[in-house]
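Fold and geometry: a report
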Amino acid sequence: MTGGQPHDARPARGMADRFFCNGPRKVALFAGIAALCALVIGAGFAGISSNGFATPLETVVVRWTAVGCLAIGAGAYVIGGRMRRDSSG
């Protein structure tokens, strides 16, 4: 190939590098996915209910699961960012 990039040149990493740079950032990504799954499952509870509404217990479980996952994810994201900053500079 003439006039182009050499074969061993790696493409620039975009947003994926932000989450896969260290362990805490991976935890943050998976916690966010778990929060979304909890909301989808909660909607499924409402869909299979006889009156179209989830029971109060199901609502509480889904709500606190989603909030807990988001809190864990936010904390892990911040910790991962600090680890990334400390290791690069």
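Residues numbered from 1 in each chain as written. Predicted model: local features only at pLDDT ≥ 70, side-chain atom pairs only at ≥ 80, totals over all residues. Heavy atoms only, no water.

Some details on the environment of Ala28
Quick reminder of the rule: Only runs of H or I of at least four residues qualify as helices and only runs of E of at least two qualify as strands under DSSP, and these elements are numbered from the N terminus. Residues count as neighbours in contact if any of their non-hydrogen atoms are within 4.5 Å of one another.
With respect to the helices, strands and loops of the structure, Ala28 is situated in helix 2 (residues 23–48). The spacing of Ala28 and Val78 is 50 residues in sequence and 9.0 Å in space, taken between C-alpha atoms. Those residues in contact with Ala28, other than ones at most four positions away along the chain, are Gly73, Ala76 and Tyr77.

Describing the environment of Thr59
Basically, it comes down to this: Think of it in three bands: residues with accessible area under 20% of the maximum for their type are buried, residues over 50% are exposed, and the middle band is partly exposed, with areas taken using a 1.4 Å probe on protein chains only.
Within the secondary structure, Thr59 sits in helix 3 (residues 56–88). The class for Thr59 is partly exposed, based on a relative accessible area of 32%. Placed 17 residues apart in sequence, Thr59 and Gly42 show a C-alpha to C-alpha distance of 7.0 Å.

Quick look at helix 3
Heads up, the rule is: Any helix carries an expected span of 1.5 Å times its number of residues minus one.
Look at helix 3: 48 Å from first C-alpha to last across 33 residues, which is about the 48 Å you get at 1.5 Å a residue. Those residues of helix 3 lying buried are Val62, Ala66, Cys69, Gly73, Ala76, Gly80 and Gly81. As for helix 3, its buried residues are in contact with helix 2.

Observations concerning a nonpolar patch on the surface
For the record, the criterion: Any residue with relative accessible area above 30% and no salt bridge may belong to a patch, with like charges joined within 9 Å and the nonpolar Val, Leu, Ile, Met, Phe, Trp and Tyr side chains within 5 Å. Only the protein chains shown count as cover for residues, and the accessible areas themselves come from Shrake-Rupley with a 1.4 Å probe. In the sections that follow, a salt bridge refers to a side-chain nitrogen of Lys or Arg positioned within 4 Å of a carboxyl oxygen of Asp or Glu.
Where nonpolar side chains cluster on the molecular surface, the patch consists of Val60, Trp64 and Val67 and spans about 300 Å² of accessible area. For Val67, the position within the fold is in helix 3. Val67 sits in the partly exposed class, given a relative accessible area of 41%.

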